[in-house]
Amino acid sequence: MIFDGFDAIYPLLSLLDTCVSRLDHTVQTGAGIAALPDYMAREDASLVRLLPEIEAPAVPAYFVYPEELRHSKRIAVLREFLLRKVAEQEF
């Protein structure tokens, strides 16, 4: 529901989907709007940001692996790589 002054506007169709690539495809075909991650908007110049005054809520992310791999060099290297990539992002 969206409020336009004092009247409520109800969408004709509302999709709740957690698959970002399907949401992106839906938006690309002109079927509606979606809340997409920042990196998708930076990679696709045809996307237009609507309502820039509204900030999206923070979403926690977890790096999860089996406890028996906590001393693995490969896990440590991957963790450092992921932390570096996240630090490079603009949010």
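Because the structure is predicted, anything quoted here is derived from the model rather than measured.

Engineer: Just to check I follow, could you spell out a nonpolar patch on the surface for this structure?
Structural biologist: On the surface, a cluster of nonpolar side chains totalling about 460 Å² of accessible area is made up of F63, Y65, L69, L78, F81 and L82. As for its position among the elements, L82 is in helix α3 (residues 73-88). Using a relative accessible area of 35% as the deciding quantity, one classes L82 as partly exposed.

Engineer: I would appreciate a short explanation of the environment of R79 in the present structure.
Structural biologist: As for its placement among the helices and strands, R79 is situated in helix α3. Separated by 15 residues in sequence, R79 and V64 place their C-alpha atoms 9.9 Å apart.

Engineer: So what exactly am I meant to see when it comes to unusual backbone geometry here?
Structural biologist: For residues that are not glycine, phi is negative in most cases, and the peptide bond is trans in most cases. We note that L51 has phi near 50 degrees; this positive angle belongs to a residue other than glycine. Tracing the sequence through the fold places L51 in the loop between α2 (38-43) and α3.

Engineer: What am I meant to see in the pattern of salt bridges here?
Structural biologist: If charged atoms from side chains of opposite charge come close, those side chains can pair. In the structure shown here, the tally under the stated rule is three salt bridges. In this structure, R70 and E67 form a salt bridge, with 3.3 Å as the shortest nitrogen-oxygen distance. Residue class for R70 comes out partly exposed when judged on its relative accessible area of 47%. A relative accessible area of 58% places E67 in the exposed class. Put simply, K85 and E88 hold a salt bridge, and the shortest N to O gap is 3.5 Å. On the criterion of helical spacing, the pair formed by K85 and E88 is a turn pair, its members being three residues apart in helix α3. For K85, a relative accessible area of 36% puts it in the partly exposed group.

Engineer: Can you walk me through the packing of aromatic side chains in this structure?
Structural biologist: Aromatic rings considered in pairs are described by the distance between their centres and by the relative angle of their planes. Scanning all chains against the criterion turns up one aromatic pair. Taking the centre distance of 5.2 Å and the plane angle of 55 degrees together, the rings of F63 and Y65 count as tilted. F63 gets classed as partly exposed once you look at its relative accessible area, which sits at 32%.

Engineer: Explain the confidence of the model for the protein chain to me, please; I cannot follow it from the model alone.
Structural biologist: Detailed reading of predicted coordinates is not advised where the pLDDT is low. Of all residues in the protein chain, 78% attain a pLDDT of 70 or more, and the chain-wide mean is 79. The weakest mean pLDDT in the protein chain belongs to strand β1 (residues 2-4) at 52; the strongest belongs to α3 at 93.

Parameters and conventions
Residues numbered from 1 in each chain as written. Predicted model: local features only at pLDDT ≥ 70, side-chain atom pairs only at ≥ 80, totals over all residues. Heavy atoms only, no water. Patch = residues over 30% accessible without salt bridge, like charges linked within 9 Å, V, L, I, M, F, W, Y side chains within 5 Å. Areas by Shrake-Rupley, 256 points an atom, 1.4 Å probe, with all protein chains shown as cover. Salt bridge = Lys/Arg side-chain N within 4 Å of Asp/Glu carboxyl O. Helix = DSSP H or I, 4+ residues; strand = E, 2+ residues; numbered from the N terminus. Buried < 20%, exposed > 50% of the residue type's maximum accessible area, 1.4 Å probe, protein only. Phe/Tyr/Trp six-rings, centres within 6.5 Å; stacked < 30°, edge-to-face > 60°. pLDDT = per-residue confidence, 0-100.

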